Amino acid sequence: MTEVNKPPQVAGGARPGGWTRFVTARPRLSLLLALVITALAVLAGSGVADRLGSGGWEDPAAESTYATKALERDFPDSQPNLLLLVDARGGSVDTPAVAAEAKALVTRLSGEKGVTGVGSYWQTKSPSLRAEDGHEALIAARITGDEKAAADTLDRIAPHYRGAHGPVTVKVGGMVAVRSDMQTIIKEDLSRAELIALPITLVLLVMVFGSAIAALLPLGIGIVAILGTNAVLRGITSFTDVSVFAMNLTTALGLGLAIDYALFIVRRFREELATGADPLTAVATTLRTAGRTVLFSALTVAVSLAAMLVFPQYFLRSFAYAGIAVVLLAAAAALILLPAALVLLGNRVNSLDLRRVFRRGRQSRPSGAEGTAWARAATLVMRRAPLFAVATTAFLIVLGLPFLGVKFGTADDRQLPAGAESHVVQQHIRDGFPGNPGGDLEVLAEGAATRAQYTAYKERVAALPEVAGVTGPLVKGDAAYFTVQPKGESVDVGAQRLVRELRTLQTPFDAKVTGTAAVLVDSKHAIAERLPWAAAIIAIVTLLLVFLLTGSVLIPVQAVLLNALSLTAMFGAVVWVFQDGHLSNLLGFTSPGSIETTLPVLMFCVAFGLSMDYGVFLLSRIKEEYDNGGTSHALEAVGEGDHERAVRLGLQRTGGLITAAAIILAVVMVAIGTSRVTNTKMLGLGIALAVLMDAMVVRSLLVPAIMRLTGKATWWAPAPLRRFHDRFGLSEGEQAAPQPDAPQSDAPQRGAGNCATSHNEPEPALQPDPHGA
């Protein structure tokens, strides 16, 4: 191994680029500083989960949000968020003993700090607060304050009310309890997901690399990215709201992308060592090739996630905060810390080949066998390119057809497992109480008005075809509010139509509508209004970055369109499984019959970025082979042009690795998908499906077929854009000097970042060569 007390000289007279010199000048010091910074990140990020919110689906600038806050301020009794379900244990809630105990609970609850607007069936005798069978009734109240303050109050008082009280049993529910249960369950599920994902990921990495040392490097990069992102999120919570769901994305992308980036860098480093290069030369070539790919990949993923910043809901913005941080930290660790570790390890990166145990007693597969299999697959696809292009496109479109029947809704207690207490309470109310509890609309009337004007307005509202009943007004100064009960479900088409009708009524006062259906209408409007901007940001920046990578006009367009096509299976599965309820028993969730409005946006941004991740890995290697004139002799091909050979070699050298990376990322996402919260389950399983479809169908079949059909026109660009690329195309370091034994190409070098090392042997996809590459 090369001595590393000082940076070794590069063999063959080649000089490392500036970035290589920077990251390898003091490798031990770099790793020590990284260890210290990681330890500080652990301290800075401790307790971050307790500072995260469990809401964020509403538009803060919407009419419904304004009305909700005004009602909380002026009419706090109007919107109870705490419900106590009082069960008479088979008896009647009207018996004297039950009534006396319930009234005592009401008195105690009224005296709790931070609780207001306490009411109950035993006070009002309202039929909507009594179950139809007479065995259960409700106590309703409002816990004041923001999400954090309300959660603290609930944690303080709930244990004193939950459970048996004389002749009754009490369960705690309401929106504040739903959010508390959701936050607790997500934290527990995240810890379990990490315990599932880490050992399985390590086993898969050992299978890919063989070497235990090489397998541990990607995991180390992932842990650094996750811990660093937790510290970033802890800082962000100091000045804005962040959703607790963002922690799931932190873990998934932290492990997934860090492993992807480290996988490609370590693999390229070992490949260069196998050609006889010393560690520093291998690192220089790796950073100039795989390092450039990682940089472009990180930028494309970060842009896809950053697009969520255009939406007003802090649920979506939270994923942008977490996603951008974890992507940039994973890339930084892979491009700074990993090269330092590789220089120190040198050939010892191939140590501890754990797969020798499994190879005993059976003949090893010849080196490069799997790489050759990928080459044969590419040959077959390109030979029947029209057939594969049409069949694959049709297959993906068919998988996406269920999404045409998507119904959007809001997140409620049915996100929780069936046994969660707050879910049990809400389900009892849905099944056993009259009317549509929790589905009422509320109209806030602001401005001076007479009693006659209020009465006339009430009569007009009651006459609307979608209205089952109207109560109110409750007047306070120049403000009043009405409660409007829709005829159907709380967020069905009729309730949403009623919201729009109420907002178009001419009134002598300023009327604003809120309630579950109104929040949904406003959320859908906010997303529809900003979705074109988010899509434009993703498309334009992706087109620019892929152009800077390839210098082609057609490839960026292909990349965007094929990436979008690769997501159809995910969206179709989301509707078929989670909205329509297929596999609900197997996967253990309750289908509300709709998809939460923000979820498709979130899943598109995350899955699109991850798909571009693999697209960049494949395209960069095809570009490298094309720039080298397709002169690698790994395959004998008579009469084959540089373009087709470059596509074949690109798939041969990255197909197995992309598949392995996709499987590992899918494992992480499936671990996240074991969550008991439906939205998290949908996110994890949906993105796992998207990643696998992209790697195994789009990258393996559709991309080579389309590139064969477009031929050498794939690389065309008009002269002005070609000059622009020559000037601004990104690359790392300096051009490598050719190794003494490397075959030289007569083809012109068409871009920066060419690899001039020898590739006389085909790269194995999942098996190490005799040198451990």
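Residues numbered from 1 in each chain as written. Predicted model: local features only at pLDDT ≥ 70, side-chain atom pairs only at ≥ 80, totals over all residues. Heavy atoms only, no water.

A word on the nonpolar core
Alright, step 1. If you look at the biggest cluster of nonpolar residues, it comprises 164 residues, and the most contacted ones within it are F245, Y261, V327, L342 and L602.
Alright, step 2. Per-element tally for this core: the top contributor is helix α11 (residues 314–345), with 18 residues.
Alright, step 3. The contact partners of L602, leaving out residues within four places of it in the chain, are M308, F315, L316, F319 and L683.
Alright, step 4. Among the nonpolar cores identified, the runner-up in size contains 38 residues, and L82, V106, Y121 and I157 belong to it. (Core = buried A, V, L, I, M, F, W, Y, C linked by side-chain atoms within 4.5 Å. Buried < 20%, exposed > 50% of the residue type's maximum accessible area, 1.4 Å probe, protein only. Helix = DSSP H or I, 4+ residues; strand = E, 2+ residues; numbered from the N terminus. Contact = heavy atoms within 4.5 Å.)

Section: helix α22 (residues 599–627)
Alright, step 1. For α22, spanning 29 residues, the distance from its first C-alpha to its last is 41 Å, which sits close to the expected 42 Å at 1.5 Å a residue.
Alright, step 2. Burial analysis of α22 places 28 of its 29 residues in the buried class, which makes it a mostly covered element. (Expected span 1.5 Å × (residues − 1).)

Some points on unusual backbone geometry
Alright, step 1. Residue G472 is joined to P473 through a cis peptide bond whose omega torsion reads 5°.
Alright, step 2. Looking at the secondary structure, you find P473 in strand β8 (residues 467–476).
Alright, step 3. One non-glycine residue with positive phi stands out, namely L583, at about 70°.
Alright, step 4. When you line up the elements, L583 lands in the loop between α20 (568–579) and α21 (584–587).

Some details on the side chain of T598
Alright, step 1. Residue placement: T598 occurs in the loop between β11 (595–596) and α22.
Alright, step 2. In this structure T598 touches W57, Q313, F315, L316 and I527, once residues within four positions along its chain are discounted.

A closer look at helix α16 (residues 451–462)
Alright, step 1. Between the first and last C-alpha of α16 there are 16 Å, a value that for 12 residues agrees with the 16 Å anticipated at 1.5 Å per step.
Alright, step 2. Looking at the packing, one finds that the buried side of α16 touches β7 (441–446), β8, β9 (479–486), α17 (493–504) and β10 (510–515).

A look at the pattern of salt bridges
Between side chains of opposite charge, a pair can form as their charged atoms come close.
Alright, step 1. Considering all chains together, one arrives at 25 salt bridges under this definition.
Alright, step 2. Measuring nitrogen to oxygen at the nearest pair gives 3.2 Å for the salt bridge that ties R73 to D74.
Alright, step 3. By relative accessible area, which is 53% here, R73 ends up exposed.
Alright, step 4. Of the charged contacts, one joins R156 and E112 as a salt bridge, the two residues approaching to 3.5 Å between their closest N and O atoms. Here E112 lies in the loop between α4 (96–110) and β2 (115–120) and R156 lies in helix α6 (residues 147–161), a separation of 44 residues in the sequence.
Alright, step 5. Linked by salt bridges that have partners in common, E188, D189, R192 and R676 make up one network. (Salt bridge = Lys/Arg side-chain N within 4 Å of Asp/Glu carboxyl O.)

Some points on the pairing of strand β3 (residues 136–143)
Alright, step 1. Most of β3 sits out of view: eight of its eight residues are buried.
Alright, step 2. Side chains E136, L138, A140 and R142 of β3 all project onto a buried face; the interleaved residues A137, I139, A141 and I143 project onto the opposite face, where all are buried too.
Alright, step 3. Inspection of the sheet shows strand β1 (residues 82–87) paired to β3 by six bridges, in the antiparallel sense. Opposite V86, over in β3, you have A137 as the bridge partner.
Alright, step 4. Alignment of β2 against β3, held across four bridges, turns out to be antiparallel. Opposite V115, over in β3, you have I143 as the bridge partner. (Pairing = 2+ DSSP bridges.)

Some details on the environment of P167
Alright, step 1. With respect to the helices and strands, P167 occurs in the loop between β4 (163–165) and β5 (168–173).
Alright, step 2. In this structure the C-alpha to C-alpha distance between P167 and A102, which are 65 residues apart in sequence, comes to 9.6 Å.
Alright, step 3. If sequence neighbours within four positions are ignored, P167 has contacts with D87, A88, R89, A97, V98 and E101.

Here we look at the sheet that holds β8
Alright, step 1. Spatially, β8-β9-β7-β10 is the arrangement adopted by the four strands of the open sheet, whose pairing is antiparallel. Each of the sheet's edge strands pairs with one partner strand only, and the pair in question is β8 and β10. Adjacent strand axes in the sheet meet at a mean angle of 20°, parallel and antiparallel pairs treated alike.
Alright, step 2. Taken together, the seven bridges between β8 and β9 define a ladder with antiparallel strand orientation. Note on β9: the bridge partner recorded for K476 is A479.
Alright, step 3. Relative to the sheet, helix α3 (residues 63–74) contacts β7, β8, β9 and β10, its axis offset from that of β10 by approximately 95°.
Alright, step 4. Sheet strands touched by α17: β7, β8, β9 and β10. Its angle to β7, the strand with the most contacts, is close to 10°. (Axes fitted to C-alpha atoms, helices over the stretch in contact; angles between N-to-C directions.)

Regarding the environment of F408
Alright, step 1. In this structure, F408 sits in strand β6 (residues 408–409).
Alright, step 2. When the C-alpha atoms of F408 and S594 are compared, they prove to be 5.2 Å apart, with 186 residues separating the residues in sequence.
Alright, step 3. Setting aside residues up to four positions removed in sequence, F408 forms contacts with Q496, L520, K524, S594, I595, T597 and P600.

Digging into the packing of aromatic side chains
Alright, step 1. Using the criterion set out here, one finds 18 aromatic pairs in the structure.
Alright, step 2. On the basis of an interplanar angle of 75° and a centroid distance of 5.2 Å, the ring pair of Y457 and F509 is categorised as edge-to-face. With Y457 in helix α16 and F509 in the loop between α17 and β10, the pair connects residues that are 52 residues apart, well separated along the chain. In terms of burial, Y457 and F509 fall into one category: buried.
Alright, step 3. Of the aromatic side chains, those joined through ring pairs into one cluster are W57, F245, F315 and F319. (Phe/Tyr/Trp six-rings, centres within 6.5 Å; stacked < 30°, edge-to-face > 60°.)

Some points on the sheet that holds β4
Alright, step 1. Taken together, the five strands give an open sheet; going across it, the order is β2-β3-β1-β5-β4, and neighbouring strands pair in antiparallel fashion. For this open sheet the edge positions go to β2 and β4, each flanked by a neighbour on one side alone. If you compare each strand with its neighbour and ignore which way they point, the axes differ by 25° on average.
Alright, step 2. Against the sheet, α4 contacts β1, β2, β3, β4 and β5, and its axis sits at roughly 165° relative to β2.
Alright, step 3. Contacts from α6 reach β1, β2, β3, β4 and β5 within the one sheet, and its direction differs from that of β3 by about 145°.

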